[in-house]
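What the coordinates show
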Amino acid sequence: MQNIANHVLFTKEQHMRPFNDFVKTNFENGRRFFMNIASDCQTIATDNRNVSFISDANVLALHRLLWNNQEKIGAFLASNRDYKAVSRRPFDKLATLLAYLGPPEHSKSVVDAQWASMDMTSTKFEDFMNKHKANDKEEFKEIKMMKIFFHAGFSKQNYPVFYYVARRFKTGHMNSDLLIYHVLLTLKPYYNKPFDVVIDFTHTGADNRFKTEFLQKWILVIPEIAYQNLQSCYIYNCNTWVREYCKFHERTLTGVKNSRKLVFVESLTKLNDYISPEQLKLPGGTTALEEDLKVFSNALKLSHKDTKVSIKVGPNTIQVTSVEKSRVMGHSVLLNDVCYASEIEEVCIVDDNQFTLTVANAGMPWSFIHIECDTIVKHIMHIRTRWELSQPAQVAVHSKIRPKDVPGTLLNMALLNLGSADTNLRLAAYNLLCSLTQTFNLRIEGQLLETSSLCIPANVTIFIVAISEKLAVNEPHLTLEFLDECISGFSKSGIELKHLCLEYMTPWLPNLTRFHKHSDEHKRRKVSSILDQLIDMTINETQMYPSIQAKIWRKIGEVGEMLDLVLDCFIKTSASGGLGSQKAEVLADTAVALASENKQLVSNKVISRLCKLIEKTCETPTQTLEQHLMWDDIAILQRYLLMLSFNNCLDVAVHLPYLFHIVTMLISTGPLSLRASTHGLVINIIHSLCTCTDLKFSEEILKILRLSLTEFSLPKFYLLFGISKVKSAAATAFRSSFKDRAVGQLSDRMSLTALETITDSLLEIMEACLKELNDCKWLETWTELARKFAFQYNPALQPRAMVVLGCISKQVRNVEIKQLLRILVKFTRCLHALESYSDLILIDSIVICLTRLQPLLPADSPIHKVLFWVAIAVMQLDEKALYSSGLGLLEQNIYTIDNQGHFNKNRVEDVFMDIYHSPLDLHFKQMEHSVGLSFNQNFHFAMVGHLLKGFRHPNDLTVSRTIRVLNTMLTIISKQKGCDKYDVSVESAPYLAALISVSDEVRSRLCLRHHQNLNSASASTSTESLVADQIDPRPALPKDLAGADAGGPGSKPPKTLSTRMNTIASMKGQRSAESYFSIRRSSKLFEDASATQKSLDSAVSIINRGHRGVGESVSFAGTKSKNVDPHVAHHGPPLPPLPPMPPVSVSVIHSDEVGGQKSTAKSERYSRSNEGNVLLDDNVITDNLTQALLITVLATMIRNTQDESQSRILYEYLAEASFVFPKVFPIVHALLDAKINQVLTQSTDPVMLNSVQQIVQNVISLEDSGPHQQLSFLQGYGFNGLWRFAGPFSNSSNNPDNIELFVKFLEALLETCIPGDELMKPQPITTAVSQFVSHGTLGQTLSSSMSSLAVTPGNRPCPLEGDTGPGSGAEQSGAPGPSAAAAAQNRMRHGSASQVPKQRSVGSFKRKTPKPVSSPR
């Protein structure tokens, strides 16, 4: 059918060719069919009208005519009398249509067609333009007159010079083809001669650009001979926009890139090198840029890439010249951005060294840093002011008077001129007033009588005000017109008449309430318009500012029905200016005048609005409050609160809980000035409590309030409020110009610890006041507000509400604790899903909240024991921020349970391990296996393993809290045993060992049994030997060295290491051995004397300072250490590992050697004096596991500490441990390896070196049981991670397996150990501030809960609604599979701690063959 309709035969498709005959025969039939259906139908008779066709050229010409003359059309219509009948609607429609269409474009149809159809050259282009008579067009003549391109003067090479002034060309307003034509005609006589071109890019921008197709025309039309004869193209004042333009059109400009003919010139002096000054014909506006300049060097322009610049301020311009060169067209160029005084919109000082400059059409403000910031700003403001004064005064066109406006207009005219100094004018105004009242029947009750010779005194203000008051009452329908006219004439009047105008305006303001809710929409809009005019008048009339506040806004504040509309106008105008703008600050100040006569109502409106705005942020939550769309309104209302807070304009007796709620939600948000405003708000609230007449407090309460005032003014609270860098909070809050947001200043997140401290201080103030108030519900209201936000998803505010709720709550139910734990599970699962620790603040806040709520739980609540394990689980996440809060929860938990008496009859482990042996046994084993600490095997050492990590925390408060918890555990254990706190027992030993290096009290109550003998035996030899070796590093080699140290079945090594060192100290060139502890005393090991000599020589050569080479290190485990000091590296060839030795039972230390007798009865342990209270006592610590754990704690501490005094103490105890516990001491060889190397290679402390020598000497004197047996010993008891977990915090993301175990553990706790399955429903609270109860007292005491520490992180937790329940399948069974992170660490998790696989992992020390073991990292 298609082929028949088109009369086409099949040619390509072979299989369709047989149908061609059929197609041919139906060609005519198809044509007739289409003709029939397309035949004309009968038409209905219509009016005869002439049809004309309008060409596009005519439409474009009409568009251009209307666009260029629309102002003239408007002025003509406005001056025409007939205009009233037509009104402005037709012209408004025309203006709207033109604004929609935009500027007219030039006709492109003919030119574009020619351009596309032929190979355009300069000759053809000229012929084309001549054909269209371009020379005769007015637009062409205007282009020539504008001197965009012209010829003037010659260069020093005697070449003619042509100038192109880029800023004179306006894109869209000029015909581009006519400009090309003009350039070609100007250049044509010089095509065949050398010539130069100067391009002036001064103040060139997007309005002067060449469109892409126009740029291509330029390149195509300019003849080749012109390019060849162009000698140089001097580019003057290249700016940032030109650089970006060239970069955008890089492909089009490829032919001229890197051309030597391009010469970039930054100054007239350099340009004069090519063109003499008398021949230089640049425009005067360009040459004037270098006259009368004030140059400020070494400035920094802030942007995505900060740039060093020089700021040049001239009489009418500002130049920003880069100091560093940029690449433009392949050349290195100094950019120079120029802006005129007329383009300066605002200059604003940010701080002492920074200011911002807002330039019209610049996109965003320019920000600069310079030490002379104030001077630069003064100069810029000076040139801007001078330009404004130089502009001709604009004659304001008075709006046309409508008939209904006549009474109001004439009334204002009469009243205003009655106050004139001219006697005749006063009389004329009086007679006008009389005529007005008669004509319009104004009810003035016969007070006026028109007289020709009446004498009116100059001071008739009272008479005028009285007339105005009477008319305002009797003729309220004139209010809108009269006020509109008063405001219009206010700015044109003198200062005396402005005061008079305010006096007679004031009585009319209450009448606005008749119209702001009127059914007529026009009148409602008129009321809003009048308020906007009053606001503008308040902002602009600086001289009348106090009078306007007192007369206008104070009167409006008395009208309660108007306050909502007034606040809407205030907020809208403030938001248009932005936070910190003049508009926002003036209106915030004006709010004080509004509240002067009705403070309760105004404060109620402002506070309720702010509370509602904060609550609405929960509907569309953001990560920070500053990112929310409502932030500007919130910040502006917060400024209003600051202004109203003075002199109790906020009515603190009624609004105190709402004010405290707002403070805790907004504290430390926004720019520095807003943070200072929040601090000032708190100060003013406390001040109002002291001076409020509605509240009567005793002298005792007033003393507390005055002390709080002083406390909040201390630097400590400056730091908590985030304003620690300011000298005066009040000065910062009221800084005249602080548009911090304009420069993109980012605010840091607040520390939850700071919020906790501030909330406690505010709670103390409130509770002090409540003692003397009856039936007051302040605290209940504040608690309900915090509870509402705490259980509603909002990343910006929910953490704050959690902390506040924990601080101020006075009672708590089990269901609330359960709900908090559920939220904790959900957000931790979100972290698991994201595999990110970038936002922990909500989890941190929940833990802090649990810490503060636990003391409120009943003593018999099972949640107490649950929270202990929650704290342990949080600490196991190995995150700095969460460890602090988890440790706080642990401390509070132990303190609370101890106060309840649970530890009086039961041991600590019995109290807490009750849950361990519940159905949660599987989860406990998984978590213990993950961290390598087993509470089931030894509760106290597992506890210490978790607490030792606190010593590595960067926060000193966390370290102090760790010490407190360790001391608390000692106190509890001593109460159970009825002994002294520092007496050594199996239970107290781990805590004493953890405290031995950080507590002077612990060290004074413990002693070293072998300390005196060890020092006397070796100090005289070892220390002196080491010092002697340092003085004489190369003593002579003894002749009998080989015989003295040759090993054999009966050979004995020297008794002390110093003797051995002195014997072989002169060895030269011996390579480093691999370990001190690789030196054995076994007869098998010393059968080869030469091998023994090499081993000893290499060991001592490292100890000996004189023969220590750079990077030499040793390893206790018999191999080169993989975890040595970074400054020490072994460069010699590797040594073969020593053969393993069978275990040998050796008794080394005897009672007669140490000068003391061992106790025979443990029962006498608690009656000893300090001299007998020995930490490392094998009569008290009898089993190998406890001994091994004890020395592992000491070795772990010494491995992680950087403090030399602590290291000295720990080495002394380890030296004694090598005597007392010889069988288990080899376990810590790998832990001490690197540290021993570091001490011997770097330390100069003789005490520490003596202790290290003792350790090495004792190890040499003993047999080893093999590294695989040593390192696998603790793993068999579940403590293979003691040294690893107690080490520093990991900088990288933690193992997601730990998060998964944590989530499953908490879910199991919620299901099995916490009663109450019902979920707490959010309780609705009334946010309207108008509903309050009377004052009363509560019997609560001041909050005594322990504070919790935290660190602020930052990310986005997942919303609660998107959370799912516990996993199914393998996840519910408690046997999760290995994750990618676990696989990366070569470690697997298992369902039970006993089901340990046989493969090696990072936490395992087992090896199939006795290979050297590297020290753990």
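The rules behind the values
Residues numbered from 1 in each chain as written. Predicted model: local features only at pLDDT ≥ 70, side-chain atom pairs only at ≥ 80, totals over all residues. Heavy atoms only, no water. Pairing = 2+ DSSP bridges. Helix = DSSP H or I, 4+ residues; strand = E, 2+ residues; numbered from the N terminus. Axes fitted to C-alpha atoms, helices over the stretch in contact; angles between N-to-C directions. Contact = heavy atoms within 4.5 Å. Buried < 20%, exposed > 50% of the residue type's maximum accessible area, 1.4 Å probe, protein only. Right-handed = clockwise from strand over helix to strand, strands pointing away. Phe/Tyr/Trp six-rings, centres within 6.5 Å; stacked < 30°, edge-to-face > 60°. Lys NZ or Arg CZ within 6 Å of the ring centre and 35° of its normal. Parallel < 35°, antiparallel > 145°, perpendicular 65-115°, else oblique. Left-handed = near helix turned anticlockwise from the far one by under 90°. Expected span 1.5 Å × (residues − 1). Polar contact = N/O pair within 3.5 Å; in protein donor to acceptor, adjacent residues only side chain to side chain. Nonpolar A, V, L, I, M, F, W, Y, C, P; charged D, E, K, R; others polar.

Remarks on the sheet that holds strand 5 (residues 262-265)
Adjacent strands of a sheet pair through backbone hydrogen bonds, lying either parallel or antiparallel. Strand order in the open sheet made by the 5 strands is 1-2-3-4-5, with mixed pairing throughout. Each having just a single partner strand, strand 1 (149-154) and strand 5 make up the two edges of the open sheet. The sheet shows a mean angle of 25 degrees between the axes of neighbouring strands, taken without regard to direction. Of the pairings in the sheet, the one linking strand 4 (residues 230-236) to strand 5 comprises 4 bridges and is parallel in character. Bridging across to strand 5, Ile235 finds its partner in Phe264. Strands in contact with helix 11 (residues 176-187) are strand 1, strand 2 (160-165) and strand 3 (195-200); relative to strand 1, the strand with the most contacts, it is inclined by about 25 degrees.

Considerations on the pairing of strand 4
The buried fraction of strand 4 is high, at 6 of 7 residues. Pairing of strand 3 with strand 4, which is carried by 6 bridges, proceeds in the parallel orientation. Its bridge partner being in strand 4, Asp200 is matched across the sheet by Tyr236. The parallel pair strand 4 and strand 5, bridged by helix 14 (residues 240-248), forms a crossover whose chirality is right-handed.

Things to note about the pairing of strand 3
The buried fraction of strand 3 amounts to 6 of the 6 residues, a majority that puts the element mostly inside the structure. Every second residue of strand 3 is oriented toward a common face, with Phe195, Val197 and Ile199 on one face and Asp196, Val198 and Asp200 on the other, all of them buried. Sheet topology note: the strand 2/strand 3 ladder contains 5 bridges and is parallel. Bridge pairing in strand 3 links Phe162 to Val197. At this point the chain moves from strand 2, through helix 11, to the parallel strand 3, and the crossover so formed is right-handed.

Considering the packing of aromatic side chains
Counted by the stated rule, this structure contains 27 aromatic pairs. Residues Phe712 and Phe721 carry aromatic rings whose centres are separated by 6.2 Å and whose planes lie at 65 degrees to one another, so their mutual orientation is edge-to-face. Both residues of the pair, Phe712 and Phe721, belong to the buried class. Note on Phe868 and Phe912: the rings are 3.8 Å apart at their centroids and 10 degrees apart in plane angle, and the pair reads as stacked. Placement of the pair is Phe868 in helix 39 (residues 863-875) and Phe912 in helix 41 (residues 908-916), with a sequence separation of 44 residues. Side by side, Phe868 and Phe912 carry an identical accessibility label, which is buried. Among the aromatic residues, ring-to-ring pairing joins Phe868, Trp869, Phe903, Phe912, Phe935 and Phe939 into one connected group. Here the basic side chain of Lys301 rests over the ring of Trp366, its NZ or CZ set 4.7 Å away from the ring centre.

So, unusual backbone geometry
A positive phi angle, near 60 degrees, is found at His7, a position not held by glycine. On the secondary structure map, His7 appears in the loop between helix 1 (2-6) and helix 2 (20-25).

Some thoughts on the packing of helix 54 (residues 1229-1242) against helix 55 (residues 1246-1260)
Working note: a packed helix pair is described by the angle between its axes plus the distance between those axes. Helix 55 packs onto helix 54 with a crossing angle of 135 degrees between their chain directions and a minimal axis gap of 11 Å. In terms of orientation, helix 54 and helix 55 fall into the oblique class. Handedness of the helix 54/helix 55 crossing: left-handed. Where helix 54 abuts helix 55, its residues His1229, Ile1236, Val1239 and Leu1240 lie against Met1248, Leu1249, Val1252 and Val1259.

A closer look at the side chain of Asn20
As for its placement among the helices and strands, Asn20 is situated in helix 2. Filtering out sequence-adjacent residues up to four positions away, Asn20 remains in contact with Leu9 and Phe10.

Some points on helix 11
Here helix 11 contains 12 residues, and its C-alpha end-to-end distance of 17 Å stays within 8% of the 16 Å for a straight helix at 1.5 Å per residue. Counting buried residues along helix 11, 10 of its 12 residues qualify, which places the element largely inside the surrounding structure. Along helix 11, the positions that sit buried rather than exposed are Asp177, Leu178, Leu179, Ile180, Tyr181, His182, Val183, Leu184, Thr186 and Leu187. The N-terminus of helix 11 is capped by Asn175, whose side-chain oxygen sits 3.0 Å from the backbone nitrogen of Asp177.

Focus on the packing of helix 22 (residues 495-505) against helix 24 (residues 545-557)
Across the interface, helix 22 lies against helix 24 with an axial gap of 9 Å and an inter-helix angle of 15 degrees. Relative to helix 24, the element helix 22 lies roughly parallel. The handedness of the crossing between helix 22 and helix 24 comes out as left-handed. Seen from helix 22, the contacting residues are His499, Leu502, Glu503 and Met505; seen from helix 24, they are Ser547, Ile548, Lys551 and Ile552. Taken together, the residues of the contact of helix 22 with helix 24 break down into 4 nonpolar, 2 polar and 2 charged.

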